[in-house]
Amino acid sequence: MDEPLLSLRTHLDAVERFGELRHVRGAHWDLELGGIAELSYRLAAPPAVLFDEIPGYPAGMRVLTGSTGSPRRLGRTLRLGDDLDDAGVVAALRGKPSRWAAAARDFPVRPVDDAPLLANEVPGEEVNLLEFPVPRWHEHDGGRFIGTGCFVVTSDPETGVHNGGCYRMEVADDGRTVTVAAVPGKHGAQNIQRWFEREGRAPVTVSFGHDPLLLVLGGTEVPGGISELEYAGAVLGERVPVVSGPDTGLPIPAGSEIAIEGWLRPDHLRDEGPFGEWTGYYSGRRRPNLAVEITRLWHRDDPVLLGAPPGKPPHDYSYMRTVMKSAMIHDELAATGVPGVVKAWAHESGGGRLFIAVSVEQRYPGHARQVAHLAAHCPAAAYMNRYVVVVDADINPADPDEVIWAMSTRSDPGQDIEVLRQTWGSRLDPLWTEGTPARNTRAIIDACRPFERLGSFPRVARSEPEFLREIERKWGDQLA
Ligand SMILES: Cc1cc2nc3c(=O)[nH]c(=O)nc-3n(C[C@H](O)[C@H](O)[C@H](O)COP(=O)(O)O)c2cc1C
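Residues numbered from 1 in each chain as written. Predicted model: local features only at pLDDT ≥ 70, side-chain atom pairs only at ≥ 80, totals over all residues. Heavy atoms only, no water.

Engineer: Account for the site of the ligand, naming residues and giving values.
Structural biologist: Contacts to the ligand come from 21 residues, most closely from Cys 166, Tyr 167, Arg 168, Ala 181 and Glu 221. A distance of 2.8 Å is found between an oxygen atom of the ligand and a backbone nitrogen or oxygen belonging to Arg 168. A distance of 3.5 Å separates an oxygen atom of the ligand from a polar side-chain atom of Arg 353. Taken by itself the ligand offers 640 Å² of open surface, and the protein chains cover 96% of this. Of the residues that constitute the shell around the ligand, the class distribution is eight nonpolar, seven polar and six charged. (Near = heavy atom within 4 Å. Polar contact = N/O pair within 3.5 Å; in protein donor to acceptor, adjacent residues only side chain to side chain. Areas by Shrake-Rupley, 256 points an atom, 1.4 Å probe, with all protein chains shown as cover. Nonpolar A, V, L, I, M, F, W, Y, C, P; charged D, E, K, R; others polar.)

Engineer: Which residues make up the environment of Leu 290, and what are the values?
Structural biologist: Position of Leu 290 relative to the elements: it lies in strand E16 (residues 287–299). As a C-alpha pair, Leu 290 and Ser 463 span 173 residues in sequence and 60 Å in three-dimensional space. Apart from residues no more than four positions distant in its own chain, Leu 290 is found in contact with Val 178, Thr 179, Val 180, Ile 192, Phe 196, Leu 264, Arg 265, Pro 266, His 268 and Leu 269. (Helix = DSSP H or I, 4+ residues; strand = E, 2+ residues; numbered from the N terminus. Contact = heavy atoms within 4.5 Å.)

Engineer: Describe the sheet that holds strand E3 (residues 62–65), naming the residues involved and giving the relevant values.
Structural biologist: Overall, mixed pairing links the four strands, which are arranged E1-E2-E3-E17 in an open sheet. With one partner strand each, in any of the chains shown, strand E1 (21–25) and strand E17 (304–306) form the two edges of the open sheet. In this sheet, adjacent strand axes meet at a mean angle of 25° when their direction is disregarded. Where E1 and strand E2 (residues 48–52) come together, five bridges link them in parallel fashion. Counted as the bridge partner of Arg 22 is Val 49 from E2. Those strands touched by helix H1 (residues 8–18) are E1, E2, E3 and E17, and its axis lies near 110° from that of E1. The sheet strands contacting helix H2 (residues 32–41) are E1, E2 and E3, and the helix crosses E2 at an angle near 160°. (Pairing = 2+ DSSP bridges. Axes fitted to C-alpha atoms, helices over the stretch in contact; angles between N-to-C directions.)

So this is what it looks like as structure tokens:
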């Protein structure tokens, strides 16, 4: 059988060809995989790592980390090209998210009867998720998280539109069940809630290994009402093949390595957490969370689990999140019709959420502030943002030094910092306190020169680039 579309193995072949895949044999699922992965993220050119021969598990049962952690791997995942560098990925992505969103409905999923996934089927009562080498990623995690790079499918009970989301999932009951930690407000969580209100239970399917395109789309804020599987079709230019879960009718990507289907019920809860999170902190304490009543599991022979463990940035998916978020925020700002937005950047050190900088070509008084407010609340940025800094067009918002320079010299804290209150926060926030609603405050920092003074603001003490090029031609060898 040919590899189905969105097979993780096709991606692995490409990463191997790029020379970006490291094979690690014999590392233990208990903290060693997580530690090796963490070291890999801190390398100058972070590789993808494929773990095999994990003690206690048959050789061939593998775990992959770092699937999207380089421009080439991310460019390939997003079908933008196989040879892109950092700037190339960002440039190639510009404008694409809104086009993909608009085209998604032209790519309904394509049901198929056969897939390598179906090679092994396990009935619900025999399921043991710990037959797979599920890692304990971080020392103080509450348990073993099988779902990090996963793709969780729910549906809107009224429209039937599918939603694919990525939420952390901890194995419970010695492998018989697994929690799903979708935060309230996420589309998946809203679907589940609506099913609970209508039927008292919510259907769900989950893939635990697939082309990382599904990790990227499941893990990023694709606009509501659009199926991530159809959106993936728009990215690929082809309909995504899926098998239908016989119990729930929900789709499972045919390229999946390991998948389950089952039901969530409001009273089927298992303790979950804490987990080392993308903020760089462990989130909260152990508490009851929705858990799947698994009715069926399938897996390929020698399956590969797609891992994407977060942590203090840089982490497994921080590069992907920054690049995707930046493009989506830029697209959403452009779609509002507000002029002059040059570039948006969702900084990796802020987990791609907490710290956003936007550059703007100011056209009228109040323009910079307008862009800041829109950025702080556009759907791609609204969840758990903390700071939005708006800078002039001569500042590169992706360069922290330039942003700090603009903040230090063009903003007057008394006038240029505004605080927005009661905004969409999260229990993952290290500042959140137990027993309070998950809201936060966020600051807008207007680090643009005052519009009225654009003509008279002190000149930047820097030579013109053309002059410097000339000087370099003439004198450069003296500095070499
Ligand atoms: C690896 C990874 C893990 C994530 N874990 C969670 C999680 O546990 N809970 C959550 O609500 N969002 C989590 N997210 C973020 C969501 O996937 C993201 O907000 C996505 O847009 C949610 O999709 P939805 O709004 O369609 O439900 C995670 C993202 C990634 C990439």
